[in-house]
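Okay, here's what each chain looks like letter by letter:
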Amino acid sequence: MRIEMNVSSLQETEQLAEKLSNLLAPPDVLTLEGDLGAGKTTFTKALAKGLGITRTVNSPTFTIIKQYEGKHPLNHLDVYRLAESDEDLGWDELFFGDAISIVEWAHLIEEDLPKERLGIQLFHTGETSRKIIFTPLGERYMKICEAMTK
C-alpha cells in the first residue's frame, strides 16, 4: 500500500503535516526522505506545531537529534552525517520510548529502524508543488494512512 498526495503550496504541505500529527502517538516512527529543498524540515515544523510544540524547530544536521516537548514528545533526527558511521545512538530507546520520532535521511540507518513505521517521501513537482508519498509498514500505519485520505 502506498498513498500519493499532491500539494500545490507550502500551506497545503503544512496542513497535511498537521493533520498527520493528530493521528500520532508515542512511540510512532516516521521516516522522511526526498529531494533537497523539497520540504522535509518544513513538514517536520508543521508536524511539531500540530503536536503543540512552541519552540523553534530546525534541522538537527550538526547535532543529529533534537528533542521537543508538546502534547507528545518529539525526537527529530537528521542522520545525514551518519552515512559512514557504525555508531549506535541508542536507537531502541529512541524508537521504542515515550516520544514520536521523525528521521530525515532514514535510509542511512535502515538496519536500525523499527520494522513498523511510516515512510514519507517528498518530491518537487513544480516551484511550490510537491508530491508526498506515504508508505505504511505495519497495520497501525496503514490505519493512519487510511485516516489521512478521509
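Remember, predicted model here, so these are calculated numbers, not experimental data.

Student: Could you give me a rundown of the pattern of salt bridges, with the residues and numbers involved?
Tutor: Across all of its chains, the model carries six salt bridges by this definition. For K143, the salt bridge identified is with E139, shortest N-O distance 3.3 Å. Linking K143 with E139, this pair stays in helix α4 (residues 139-148), spanning four residues, or about one helical turn. The burial state of K143 is the same as that of E139; both residues are exposed. Here the residues in one salt-bridge network are R2, E4 and K131, joined through shared partners.

Student: So what's going on with the pairing of strand β7 (residues 130-137)? Which residues, and what values?
Tutor: Sheet topology places strand β1 (residues 3-7) next to β7; five bridges connect them, and they run antiparallel. From the neighbouring strand, M5 faces β7, where its bridge partner is I132. Pairing of strand β6 (residues 117-124) with β7, which is carried by eight bridges, proceeds in the antiparallel orientation. By the bridge assignment for β7, H124 is matched with R130. Between β6 and β7, which follow one another and run antiparallel, lie five residues.

What counts, and at which threshold
- Position labels on residues start from 1 in each chain and follow its written sequence.
- Since the coordinates come from a predicted model, pLDDT governs what is reported: local features require at least 70, and pairs of side-chain atoms require 80 or more to be given and counted, while whole-chain, interface and lining totals use all residues.
- Note: side-chain values were computed over all heavy atoms of the structure, leaving out hydrogens and water.
- Counted as salt bridges are all cases of a side-chain nitrogen of Lys or Arg within 4 Å of a carboxyl oxygen of Asp or Glu.
- Secondary structure elements are taken from DSSP: a helix is a run of H or I of four residues or more, a strand is a run of E of two residues or more, and numbering for both begins at the N terminus.
- Accessible area is worked out with a 1.4 Å probe on protein chains only. A residue is then buried under 20% of its type maximum, exposed over 50%, and partly exposed in between.
- A strand pair is defined by DSSP finding two or more bridges across the two strands.

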